[in-house]
Amino acid sequence: MSSPPPSNPPHAPRRFWLRVRAFVARLFRREVAAGRFESGQASSPRGFLATAPLVPPTRDYLVYIPRGHRRLRRAPLVVLCHGCRETPEDIAGLTRITERADREGWLVLLPRQVERANAFRCWNWFDPNTSRGSGEAAIIAAQIIAVRRHYRARRERVWVVGLSAGAALAAVLGLRYPRL
């Protein structure tokens, strides 16, 4: 005579705990947020230009927040200044800085020049006020401080780079604002 098959197969408890574990994982799973752009504006009372004295000392900027960024962890900040006849969107697309920022976890600040300050949207690095540390250098410094505070960027890990006129402005910032 053969005995009847057991009502619970021996692997039933294991299957039950696998289902519980999968349920708990779904319950507490946190999706990684995609990278995104946010806009802002900063000004400096020292930001007036000698070559365009009627232009207000305020500039807009874009900030790229990398994929999976959390404010609890301080991230490095890269400031990328565009060249003449460019926009922050242009230089972000041409350099593919967003892909690198996602990989490395960098915040990216992209300042925007206005046509009222320069017809070709060049940074006025040659302006006497800017070369002394005022003018547009002071405006970009104010943007760096605003982004560092709002997004909790690391103070000791800020890099300023640029292309063409943006590179000249980056050099002025390095000379006049080394503590940033």
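Residues numbered from 1 in each chain as written. Predicted model: local features only at pLDDT ≥ 70, side-chain atom pairs only at ≥ 80, totals over all residues. Heavy atoms only, no water.

Before going further, it helps to spend a moment on the pattern of salt bridges. All told, the structure shown has seven salt bridges when counted by the stated rule. The partner of Arg36 in a salt bridge is Glu38, and the shortest N-O contact between them spans 3.1 Å. You can call Glu38 partly exposed: its relative accessible area is 24%. Glu115 is the partner of Arg121 in a salt bridge, and the nearest nitrogen-oxygen pair spans 3.2 Å. Look at Arg121 and you get partly exposed, because its relative accessible area is 22%. (Salt bridge = Lys/Arg side-chain N within 4 Å of Asp/Glu carboxyl O. Buried < 20%, exposed > 50% of the residue type's maximum accessible area, 1.4 Å probe, protein only.)

One pass over the structure, following the stated rule, counts one disulfide. Here Cys84 connects covalently by a disulfide to Cys122, the sulfurs 1.8 Å from one another. Disulfide Cys84 to Cys122: torsion about the S-S bond roughly 125°, handedness right-handed. In this pair, Cys84 is assigned in the loop between strand S3 (75-81) and helix H2 (88-95) and Cys122 in the loop between strand S4 (107-111) and helix H4 (128-131), connecting sequence segments 38 residues apart. Exposure remark for Cys122: the relative accessible area of 10% places this residue in the buried category. Left unpaired, Cys81 is separated from the closest cysteine sulfur, that of Cys84, by 12 Å. (Disulfide = S-S within 2.5 Å. Helix = DSSP H or I, 4+ residues; strand = E, 2+ residues; numbered from the N terminus.)

Moving on, we get to the sheet that holds S3. Ordered in space as S1-S2-S4-S3-S5, the five strands form an open sheet in which the pairing is mixed. Bordering the open sheet on either side are strand S1 (36-43) and strand S5 (153-162), each of which pairs with just one other strand. Averaged over all pairs of adjacent strands, the angle between their axes in this sheet comes to 25°, without regard to strand direction. Examined bridge by bridge, S3 and S4 share three bridges and lie parallel to one another. Across the sheet, the residue bridging to Val78 is Val108, located in S4. (Pairing = 2+ DSSP bridges. Axes fitted to C-alpha atoms, helices over the stretch in contact; angles between N-to-C directions.)

Functional significance is not addressed by these values, which are geometric in nature.
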